[in-house]
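The chain contents come next:
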Amino acid sequence: MPVWQRWVLVCVITLIVGIPLIELRKKGMLEPLELLQYDWTTSAFAADEPIADVYLAAITDRDLGEWGWPVPDRQLAQIVSTLLASGATTVGVDIYRDVPAGEGRDALLEVLSDPRVFVISKLKDGETAGIAAPPDTHTGFADIPIDPDGVARRALLLVNTQDGISLSLPMHMAATHTGQPALKSDPDNPRFLMFGDTIVKPLAPGANLFRNVDTSGYQTIIDYKNALPIARSVPAAEILTQTGLDRFEGNAVIIGVTSHSVKDYFSTPLNRSTGSDFTFGAEIHAAIVQQLIDYFNGQASPLRALDGRNPAFIILASVFCGACVSIFIRVTGNAVLLAGIGGVLLTVALSVFQQFALLMPVAPSLLGWTFGFLFGFGIISGFSRNQRRAIAQVFSSHLSEELSAEIWKQRKNLMSGGKPRSRQLYVTALLADIEGSTLAGNAMDADEFMTWIARILDRLGEIARAHGGFVEKYTGDGILVVFGAPIPSETHEQRQSDAQAGLRCANAMRDAVASLNNTFRNQRAYKLRIALNSGDAIGGTLGVSGSMHYNVIGDTINVAARLESWIKTLAPDADGLRPICMTMATAKTVDAARQWPVAASFIHDDGETEIQVVELSRRVPE
C-alpha cells in the first residue's frame, strides 16, 4: 500500500472512530469511565501526609462505649470549650444536635453560641425533612452530593433556600479560619465566589466529568490531595484529658464520629486503591475546608476541564496516533508492543495534568488510541491476508519457507497492485529433464507411470527449494529452477552465490537420482540431463486473476533449454547418467578467475553467437 494511501486511511479511521467518541462523551455515556480514571488518578497522586490546617477530633468506638450514642451534650460542650481554649481558629461540630442529649444542654448552647463554632444542619430534600441546628447557634449544612455510582466527588458550598442563602459547614469554617467574609464574590463577575484572590467557579450542568448529575446550588469538585486518613485525628477522650492541646493552636478542628457503628461514612476516590471501604464524613469536610484554605492562600487552584474544542482535538489526535501505529509499523509484534506502551504513556501523560488542576479527557483519549489502533490493525491484517493470498496464489509451493518469508519481508519492494511487479533480473537457470520419459510412458500403465515420474519430480523440487531455488515450472518430464528470482540479486556477490547454489543443487539432484535408482531397483531407472546458464531475464506474473503464475522468461532460459537438449550428444557414465553441463556465463559467474575448460560449443538461435559449454564430468566440490 503506497504511503499516501496509508495517510488517507489514517485520516479516515480518525474520523470514523473519533467523531462517535466525541458524541458519546457529550451525551455522558463515557462518564463512568472518566470518573473511574479520575478516581484512580486522584488516589495514585494523593500525598501520604495529612492535611496541614485542619484536625479531626474523633468520637471513636471507645468513646461511644463509655458515653453512649448520641454523645451527651455535657461531653460535647467540654470538647468544644477545650478546643477553643487551646487556640483553635474555628470548630465545626459534625454531629446533629437538634434535640437535647443527656445533661449539659445549657452549657452546650452557651459554647455553641461562640462565633467561631459551627454546628451542622441538614437541608430539606424533596419529601425528606431537614435537620435544624440548635437555636441561637451558627450553622452550616453538612450535605454531601453523591454521584450515581455512590462516590462523593463534589462539594456543595451554598444553596438558595426559602430563607435565603445557606452556607456549608466547610464554607463557614474556611472563612472564619482565613478571616475573610463568608461570601466574597468576584468584582468582575458577582456570580463567582472568591477565596483570597482565587476565583472558584461553580460546576455548570453537563460540565467537566459530571454530565449526568444534578449540579444545582454552588458546587465544586473536591480535590482529594491527601491519602487516607485525610486529617490528623485526635480521640475526643484524649482532648478531655487536656493532653497535647497545643497542637490545635492556629488550626481548624472538626468534631466528628469515626465509629463504624454510626452511619456517617462515604465512598470517595481515595477508596479505589487503598483497600479502605469508606471515608468518614468528617474527613470529607476536613478535605473541603483545607481545599478552600489553600485557595485563600494561593496554594491551589480549582480543578477545571479543557473548554471549547480542545477535548475533541485531543481525542482525535489520540485516534490518529493509534491508527498510525497500526498502519505504519509493519511488524505485528512491534506494533502491538508500541500500541501497549503508547497507551500507557498517553494515559500517564494526560493524567499528570490533574496535578496542575487541569482535567484532561483521559478515558476518551485512551479509547480513541485503542480503537484507532484496532481499527487500523484490522484493516492492515485484512490487506496483509490478501497480499499473502496473492503471493501464495502466484508462487504456490515453488518456494522454500525461508524464501517465502523473505519475499513477505520485502513485499513493499516486490509487490505492486496485489501481485509481484515485473522487473529485470540476473538469474542462474537450472533445467533438469528426465530422459526417456516418453518411452517409459508407453511401457507403463497410467498409475504406474504417474507414480514413477512424480517420485523423481517431487524429490527434485525438494532439493531445489532446499538450495534456495525458485521452482519456476514443472515441464511435464522436467523441472526449471531459477536462482535470483523472485527476489533480485543486485550485487556480484549475490549473483555468484546464486550460481554456486545452482551447481550444488545440480550435484544434489544427480546424487538423488542415483539414490532413487539404488532404492527402487525393480522399477525403470531414472536418467537425468542437467543444464545451467546465467544471464539477464525478466520476471513477472502471467495469467488471469485466480490462476496467475510467476514466470521468468528471456534468452537465458532459452539457452539453458538449448544446452539441456545438446547434452543428449554426450555419452552417459557407468550409472547411465550424462554429465552436468553449464555455459561459460555460469562458469564465470561461479569463479571469474578460474580457467574453465571448454568442452564444446554450439551456435545461438541468432545464428551468430557461439555458446561455450563447460562439462562437469565429476561432482563439483561443495
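Everything that follows concerns the structure shown earlier in this document.
Student: Help me understand the overall build of the chain, please; the structure alone is not making it clear to me.
Tutor: When helices and strands are counted, the chain shows 19 helices and 26 strands. Its C-alpha radius of gyration of 44 Å places the chain more than 25% over the 25 Å reference for a compact globule of 622 residues. Counting across all 622 residues of the chain, residues that qualify as buried make up 51%. The contacts in the chain between residues at least 6 apart in sequence include a share of 72% that link residues at least 24 apart. Total accessible area on the chain stands at roughly 29000 Å², and carbon and sulfur atoms take up 54% of it. Computed over 52 positive and 65 negative side-chain charges, the inter-centroid distance for the chain is 10 Å.

Student: Looking at this structure, I do not really get the packing of helix H4 (residues 73-85) against helix H5 (residues 105-112). What am I missing?
Tutor: Between two packed helices, both the angle of their axes relative to each other and the distance between the axes serve to describe the pair. Viewed as axis vectors pointing N to C, H4 and H5 meet at an angle of 30°, and their least axial separation amounts to 8 Å. Of the possible angle classes, the one that applies to H4 and H5 is roughly parallel. Note that H4 runs across H5; the crossing there is left-handed. Contact with H4, carried on its side by Asp73, Leu76, Ala77, Val80, Ser81 and Leu84, involves Arg105, Ala107, Leu108 and Val111 of H5 and no other residues of that element. Of the residues that constitute the contact of H4 with H5, the class distribution is seven nonpolar, one polar and two charged.

Student: Before we go on, may I ask you to explain the pairing of strand E6 (residues 164-167) in this structure?
Tutor: In regular strands, side chains alternate between the two faces of the sheet. Alignment of strand E5 (residues 154-161) against E6, held across four bridges, turns out to be antiparallel. Looking across to E6, one finds that leucine 158 is bridged to leucine 167. Here E5 folds back onto E6 in antiparallel fashion, the turn holding two residues.

Student: What exactly am I supposed to notice about the pattern of salt bridges here?
Tutor: Summed over all chains, the structure comprises 21 salt bridges. For glutamate 462, the salt bridge goes to arginine 459, with nearest N and O atoms at 3.3 Å. Pair noted here: glutamate 462 and arginine 459 are both in helix H16 (residues 446-466), with a separation of three residues, about one helical turn. Residue classification places arginine 459 among the partly exposed positions, given a relative accessible area of 35%. Each of the salt bridges in this network shares a partner with another, and the network as a whole consists of Asp39, Asp147, Asp149, Arg153 and Arg154.

Student: Would you take a moment to explain a nonpolar patch on the surface for this structure?
Tutor: Residues Trp4, Val8, Val12, Ile16, Phe375 and Ile379 make up a contiguous nonpolar surface patch of about 530 Å² in total accessible area. Secondary-structure elements contributing two or more residues to the nonpolar patch are helix H1 (3-26) and helix H12 (362-395). Considering each element in turn, the nonpolar patch owes the most residues, four residues, to H1. Position of isoleucine 379 among the secondary structure elements: in helix H12. The class for isoleucine 379 is partly exposed, based on a relative accessible area of 30%.

Student: Honestly, the sheet that holds strand E9 (residues 198-200) in this entry has me stumped. Any pointers?
Tutor: One key point about sheets: their strands pair by backbone hydrogen bonds, in either a parallel or an antiparallel sense. Taken in spatial order, the three strands of this open sheet run E7-E8-E9, and their pairing is antiparallel. Either end of the sheet is taken by a strand with one partner, and the two such strands are strand E7 (185-186) and E9.

Student: Quick question: what am I supposed to make of the state of the cysteines here?
Tutor: Scanning the entire structure with this criterion turns up zero disulfides. Cysteine 11 carries a free sulfur, and the closest cysteine sulfur to it, the one in cysteine 324, is 8.0 Å from it. Not engaged in a disulfide, the cysteine cysteine 581 finds its nearest cysteine sulfur in cysteine 505; these two sulfurs lie 16 Å apart.

Student: Can you walk me through the packing of aromatic side chains in this structure?
Tutor: Aromatic ring pairs: the centre-centre distance and the angle between the two ring planes describe each pair. One pass over the structure, following the stated rule, counts ten aromatic pairs. Centre to centre, the rings of phenylalanine 278 and phenylalanine 280 are 5.6 Å apart; their planes meet at 75°, and the pair counts as edge-to-face. When its relative accessible area of 12% is taken as the criterion, phenylalanine 280 is described as buried. On the basis of an interplanar angle of 70° and a centroid distance of 5.5 Å, the ring pair of phenylalanine 470 and tyrosine 550 is categorised as edge-to-face. Taken together, the residues span a long stretch of sequence, with phenylalanine 470 in strand E20 (residues 470-474) and tyrosine 550 in strand E23 (residues 549-553) at a distance of 80 residues. With respect to class, phenylalanine 470 is no different from tyrosine 550; both count as buried. Over the ring of phenylalanine 210 we find arginine 154, and its NZ or CZ is 5.7 Å from the ring centre. One residue, arginine 594, lies across the ring of tryptophan 596, its end atom 3.9 Å from the ring centre.

Student: Just checking my understanding: could you explain the side chain of aspartate 223 for this structure?
Tutor: You can see aspartate 223 is positioned in the loop between strand E10 (218-221) and strand E11 (232-235). Once residues lying within four places of it in the same chain are set aside, the contact partners of aspartate 223 are Gln291 and Leu303.

Student: Would you mind showing me how to read helix H2 (residues 31-45) here?
Tutor: One turn of an α-helix holds 3.6 residues; hence residues three or four places apart share an orientation. In this model, H2 (15 residues) spans 21 Å end to end at C-alpha, consistent with the 21 Å of a helix rising 1.5 Å per residue. Listed in full, the buried residues belonging to H2 are Glu31, Glu34, Leu35, Gln37, Tyr38, Asp39, Thr41, Thr42 and Ser43.

Student: It is not clear to me how the side chain of serine 168 should be interpreted in this structure. Could you clarify?
Tutor: Among the secondary structure elements, serine 168 is positioned in the loop between E6 and helix H6 (169-178). Judged by its relative accessible area of 2%, serine 168 is buried. In this structure, serine 168 is in contact with Gly140, Phe141, Leu156 and Leu157, ignoring residues within four places of it in sequence.

Conventions and cut-offs
Residues numbered from 1 in each chain as written. Predicted model: local features only at pLDDT ≥ 70, side-chain atom pairs only at ≥ 80, totals over all residues. Heavy atoms only, no water. Helix = DSSP H or I, 4+ residues; strand = E, 2+ residues; numbered from the N terminus. Rg over C-alpha atoms; globule rule 2.2 N^0.38 Å. Buried < 20%, exposed > 50% of the residue type's maximum accessible area, 1.4 Å probe, protein only. Contact = heavy atoms within 4.5 Å. Areas by Shrake-Rupley, 256 points an atom, 1.4 Å probe, with all protein chains shown as cover. Lys, Arg positive; Asp, Glu negative; His and termini not counted. Charge placed at Lys NZ, Arg CZ, Asp CG, Glu CD. Axes fitted to C-alpha atoms, helices over the stretch in contact; angles between N-to-C directions. Parallel < 35°, antiparallel > 145°, perpendicular 65-115°, else oblique. Left-handed = near helix turned anticlockwise from the far one by under 90°. Nonpolar A, V, L, I, M, F, W, Y, C, P; charged D, E, K, R; others polar. Pairing = 2+ DSSP bridges. Salt bridge = Lys/Arg side-chain N within 4 Å of Asp/Glu carboxyl O. Patch = residues over 30% accessible without salt bridge, like charges linked within 9 Å, V, L, I, M, F, W, Y side chains within 5 Å. Disulfide = S-S within 2.5 Å. Phe/Tyr/Trp six-rings, centres within 6.5 Å; stacked < 30°, edge-to-face > 60°. Lys NZ or Arg CZ within 6 Å of the ring centre and 35° of its normal. Expected span 1.5 Å × (residues − 1).

Purely spatial values, then, with no claim about function.
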